[in-house]
Amino acid sequence: MALHKLESSVPAEDINDDEACILPADTMLILQQFLQEKALKERSEEGGTESPGCFEENWQLSQFWYNEETKQKLALIVKRLQESEPDPFKVALLSAPSAFKHVVNENKHAMLFEFDERFASYGDNFQQYDYNRAFDLGYMDAFSNQFSLVIVDPPFLSEECIEKIGVIVKKITKHDAKIILCSGAVVQDWAKKHLGVSMCEFRPDHERNLGNEFRSYANFDLDKVLNKH
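Residues numbered from 1 in each chain as written. Predicted model: local features only at pLDDT ≥ 70, side-chain atom pairs only at ≥ 80, totals over all residues. Heavy atoms only, no water.

This next bit is on unusual backbone geometry. Here Ser95, not a glycine, exhibits a phi torsion of approximately 60°, which is positive. Following the sequence through the fold, Ser95 ends up in the loop between strand 1 (91-94) and helix 3 (100-106). Even without glycine at this site, Asn145 takes up a positive phi of about 60°. Summarising the element assignment, Asn145 is placed in the loop between strand 3 (126-128) and strand 4 (147-152). Its relative accessible area of 46% is what places Asn145 among the partly exposed residues. (Helix = DSSP H or I, 4+ residues; strand = E, 2+ residues; numbered from the N terminus. Buried < 20%, exposed > 50% of the residue type's maximum accessible area, 1.4 Å probe, protein only.)

For the rest of this paragraph, the subject is the environment of Phe156. Within the secondary structure, Phe156 sits in the loop between strand 4 and helix 4 (159-172). By relative accessible area, which is 27% here, Phe156 ends up partly exposed. C-alpha of Phe156 to C-alpha of Val187: the two residues are 31 residues apart in sequence and 9.8 Å apart in space.

So, about helix 5 (residues 188-195). Looking only at helix 5, the buried set comprises Ala191, His194 and Leu195. The buried residues of helix 5 occupy an angular sector of 90° when the element is viewed end-on, so they sit on one face. Exposed side of helix 5, more than 90 degrees from the buried face: Asp189 and Lys193 are the residues found there. Taken together, the buried residues of helix 5 touch helix 4, strand 5 (173-184) and strand 7 (214-218). Positive backbone phi, at 70°, marks Gly196, one or two positions downstream of helix 5. (Arc of directions from axis to C-beta. Contact = heavy atoms within 4.5 Å.)

Structure representation (structure tokens):
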């Protein structure tokens, strides 16, 4: 994921002078979610529910899917890390839904934390969350100190977002947990400050070219694990 400006999906030629207006970003997001849920409900009623793994990117939610090579490499890292870790080795993915299917093939306990409730079709491996609630009293306490590895891809390139994600990551991880952050190069200082991770050589790529330089960060030698023969 990466920062993406919220825009109306209505073609300009379809808006007359009386209708032309600019909605606040938060209002547009609410409208987008309502229309999305309405469309999903209609497809479900028609017997055409979208199947897991076939979800389209929702740019209004700043969703950008990884390419196949990146998904395979993230799954390989999971496979190699859990080989040397005691059971149970639980993996959490925060705002990284496109990598989930590859990761869960390596770790059946993998949990996807995602704002987009379309992914509730993953059943017990899904938990809806909102990073904006990071400072709410008791938020995410049910998952406290559970995960040995977290792979996180914050939706926005801002210190506020990285800080709040960091609060959640620290709550749900074990004391010696490994953290992988996939985000823009511009968050390097914030990543170190709020997550304790440093930039790696591994560069995640996406199905679509993004305008921002994308990098990976970790609190362990990720490149050594990935390049192990």
